[in-house]
Amino acid sequence: MEFDTITAISTPSGEGAIAIVRISGDAAVTIADNIFKGKTPLAKAETHTIHYGHLIEPSTSEIIEEVMVSVLRAPRTFTKEDIIEINCHGGIVSVNRVLDLVLSQGARLAEPGEFTKRAFLNGRIDLSQAEGVIDLIRAKTDRAMNVALKQVEGRLSSQVRRLRQKLLETVAHVEVNIDYPEYDAETVTLELLKEKGEEVRQEIEQLLMTAKQGKILREGLATAIIGRPNVGKSSLMNSLVHENKAIVTDIPGTTRDVLEEYVNVRGVPLRLIDTAGIRETEDIVEKIGVERSRKALADAELILFVLNAAEELSKEDEALFEAIQDMNAVVVLNKTDLEITIDTDRVSSLAGERPVIGTSLLREEGIDELEQAIAHLFFDEGVEGADLSYVSNARHIALLKQAKGAIEEALEGADMMLPVDMVQIDITRAWELLGEVIGDNVHESLIDQLFSQFCLGK
Ligand code: GDP
Ligand code: ZN
């Protein structure tokens with residue numbers, strides 16, 4: 001494939017210590033060489049080497065910047081094209097001067113995601129890997145980042161490829177059997193289809209089972225802190241935010257709901273919803289009777305219900321238990337540093353299966369146990385021990401579900417002793433659907449839409 005040479009600032013916007021201007025394409029080295037003055041001309045530089053020198057304005061010979069330039073020659077690069085990376089000072093003015101200089105030499109400003117798109121189009125990565133790059137940019141916790149990284153490395157791709165291979169082999173067998181009808185009866189063929197089909201069905205099911213956890217890691221868990229006034233909601237919020245600063249990625253062009261705050265609890269990103277409301281509103285109990293606040297609660301995937309251990313259980317507390325029936329919740333018995341007067345047996349029975357954790361937020365006690373409980377609620381072995389290859393992308397989930405459906409139809413057909421070639425149609429459809437996960441036979445519009453989600457310089 002032939003492409004023009006593109007460039008962009010590939011470090012996040014803002015004032016970092018250094019910034020990188022990346023150039024990719026056939027003319028990358030020539031362009032950089034035109035504006036670079038150092039010991040060795042870049043055209044003669046070996047691949048994967050770094051060079052110290054200055055950028056100069058070729059028409060005036062004016063020195064623009066002191067830089068380090070990396071020369072990365074095709075094909076062992078991210079885009080499979082020649083890549084130049086110019087490391088310069090991080091100020092907005094100097095970075096933009098470098099970018100302007102590169103543009104003046106004939107490079108084109110890259111669209112968002114265009115570097116990754118090239119990597120995909122040049123066959124360096126497949127679609128699920130490219131989507132992993134998007135997740136990587138957006139990841140809010142290390143754990144989410146690791147999952148995305150696994151996807152970029154191609155863990156999901158290789159799983160999907162293996163399943164496709166299995167389906168392909170099955171279909172190939174079927175064809176052999178059709179060609180030699182005297183050797184293998186139709187029933188034998190159907191038995192084989194059933195056996196292999198069932199294997200693949202189960203594997204897809206397992207992949208889909210990871211989807212829920214993957215979604216949590218990707219999007220964060222909508223979490224509401226509730227409780228009567230003065231029980232310690234704000235204190236809990238503060239200690240969670242204080243101890244677990246979430247990674248905040250600045251994605252230009254996306255607006256973030258200002259009412260949300262992310263915290264990272266043992267790798268589980270909690271999206272504290274309506275935190276402004278929780279912070280300001282001390283009359284949340286009055287509101288809880290109102291239908292509206294019930295609805296807000298209904299959106300939550302996790303409730304942190306704070307009770308005051310040093311007071312008796314009140315009518316309002318009981319009403320709140322009522323309001324969060326059947327919801328994922330951790331009951332926080334706060335103020336354990338004071339004399340405990342709450343009826344703990346009653347609390348346990350109202351909590352049911354849900355964990356009850358004693359804390360003294362004042363003395364910073366019990367917070368570890370609380371975090372442990374939250375992590376265990378969503379990841380059986382805790383997040384640390386959990387397998388990292390989650391399916392977390394909505395598009396992948398939809399395709400896997402459809403593929404599973406197609407295989408189930410094939411299995412039904414085999415049970416009903418339908419003609420083999422009819423069953424085979426469903427198997428082939430499953431094979432095609434799985435192909436879409438990794439980007440075989442996808443529509444161009446989908447590709448454009450996917451890559452437009454990237455930020456500039458990726
Ligand atoms: P909110 O109204 O539920 O948000 O409660 P706050 O977090 O604002 O806390 C109300 C009061 O309880 C504040 O004076 C806190 O210092 C105090 N408080 C919070 N946690 C504890 C605790 O564990 N022990 C004691 N003794 N006081 C606490
Ligand atoms: Zn408060």
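Look up: the structure comes first, before these words.
In what follows, the accompanying structure is described. (Residues numbered from 1 in each chain as written. Chains lettered and ligands numbered in written order. Predicted model: local features only at pLDDT ≥ 70, side-chain atom pairs only at ≥ 80, totals over all residues. Heavy atoms only, no water.)

Remarks on the pairing of strand S4 (residues 49-57)
As paired strands, strand S3 (residues 36-38) and S4 are joined by three bridges and run antiparallel to one another. Note on S4: the bridge partner recorded for Gly 38 is Gly 53. Where S4 lies against strand S5 (residues 62-72), nine bridges are found, and the strand directions are antiparallel. Of the residues in S5, the one forming a bridge with His 54 is Glu 66. Between the end of S4 and the start of S5, which pair antiparallel, lie four residues, with Ser 61 showing a positive phi angle near 65 degrees. (Pairing = 2+ DSSP bridges. Helix = DSSP H or I, 4+ residues; strand = E, 2+ residues; numbered from the N terminus.)

Remarks on the packing of helix H17 (residues 394-415) against helix H18 (residues 420-438)
Where H17 contacts H18, the two axes come as close as 8 Å, and the packing angle between them is 170 degrees. As the angle between them shows, H17 and H18 are arranged roughly antiparallel. Residues Arg 395, His 396, Leu 399, Leu 400, Gln 402, Ala 403, Ala 406, Ile 407, Glu 409, Ala 410, Gly 413 and Ala 414 of H17 touch H18, and the partners they reach there are Val 423, Asp 426, Ile 427, Arg 429, Ala 430, Leu 433, Leu 434, Glu 436 and Val 437. Taken together, the residues that form the contact of H17 with H18 break down as 13 nonpolar, three polar and five charged. (Axes fitted to C-alpha atoms, helices over the stretch in contact; angles between N-to-C directions. Parallel < 35°, antiparallel > 145°, perpendicular 65-115°, else oblique. Contact = heavy atoms within 4.5 Å. Nonpolar A, V, L, I, M, F, W, Y, C, P; charged D, E, K, R; others polar.)

A short note on helix H13 (residues 315-323)
Within H13 the residues assigned to the buried category are Asp 317, Leu 320, Phe 321 and Ala 323. The buried residues of H13 occupy one face: seen down the axis, they fall within an arc of 160 degrees. (Buried < 20%, exposed > 50% of the residue type's maximum accessible area, 1.4 Å probe, protein only. Arc of directions from axis to C-beta.)

Structural notes on the nonpolar core
Counting 30 residues, the largest nonpolar core has Leu 167, Ile 204, Leu 400, Ile 407 and Leu 434 as the members making the most contacts within it. When residues of this core are traced back to their parent elements, those giving at least two are helix H6 (155-179), helix H7 (186-209), H17 and H18. Counting residues per element, this core draws most heavily on H17, which supplies nine residues. With 27 residues, the next largest nonpolar core counts Ile 216, Leu 240, Val 330 and Ile 374 among its residues. (Core = buried A, V, L, I, M, F, W, Y, C linked by side-chain atoms within 4.5 Å.)

Quick notes on helix H1 (residues 28-35)
Taken together, the buried positions of H1 are Ala 28, Val 29, Ile 31, Ala 32 and Ile 35. Buried positions in H1, seen along its axis, are confined to an arc of 165 degrees and lie on one side of it. Turning to H1, the residues buried within the fold contact strand S2 (18-24), S3, S4, strand S6 (83-89) and helix H2 (92-104).

Some points on the pairing of strand S11 (residues 302-308)
The buried fraction of S11 amounts to seven of the seven residues, a majority that puts the element mostly inside the structure. What you see with S11 is no split at all: Leu 302, Leu 304, Val 306 and Asn 308 on one side and Ile 303, Phe 305 and Leu 307 on the other are buried throughout. Across four bridges, strand S8 (residues 221-226) lies against S11 in parallel orientation. Opposite Ala 224, over in S11, you have Ile 303 as the bridge partner. Both S11 and strand S12 (residues 329-334) contribute to a ladder of six bridges, which runs parallel. Bridging from a neighbouring strand, Leu 307 pairs with Leu 333 of S12. Each parallel crossover has a hand, and the one from S11 via H13 to S12 is right-handed. (Right-handed = clockwise from strand over helix to strand, strands pointing away.)

Brief notes about the pattern of salt bridges
A side chain with one charge can pair with a side chain of the opposite charge if their charged atoms come near. Applying the stated criterion to the full structure yields 20 salt bridges. The partner of Glu 62 in a salt bridge is Arg 97, with the nearest N and O atoms 3.4 Å apart. A residue pair is termed long-range when its members are at least 10 positions apart, and Glu 62 in strand S5 and Arg 97 in helix H2 qualify at 35 residues. Judged by its relative accessible area of 39%, Arg 97 is partly exposed. The residue Glu 311 makes a salt bridge to Arg 228 at a minimum N-O spacing of 3.1 Å. (Salt bridge = Lys/Arg side-chain N within 4 Å of Asp/Glu carboxyl O.)

A word on the sheet that holds strand S1 (residues 6-9)
Pairing within the open sheet is mixed, and its seven strands lie in the order S3-S4-S5-S6-S2-S1-S7. Strands with a single pairing partner mark the edges of an open sheet, and in this sheet they are S3 and strand S7 (108-109). With four bridges connecting them, S1 and S2 associate as antiparallel partners. Directly across from Thr 7, in S2, lies its bridge partner Ile 23.

What to know about unusual backbone geometry
Here the residue pair Ala 74 and Pro 75 is connected by a cis peptide bond, since its omega of 0 degrees sits within 30 degrees of zero. Tracing the sequence through the fold places Pro 75 in the loop between S5 and S6.

Just geometry here; none of it tells us what the structure is for.
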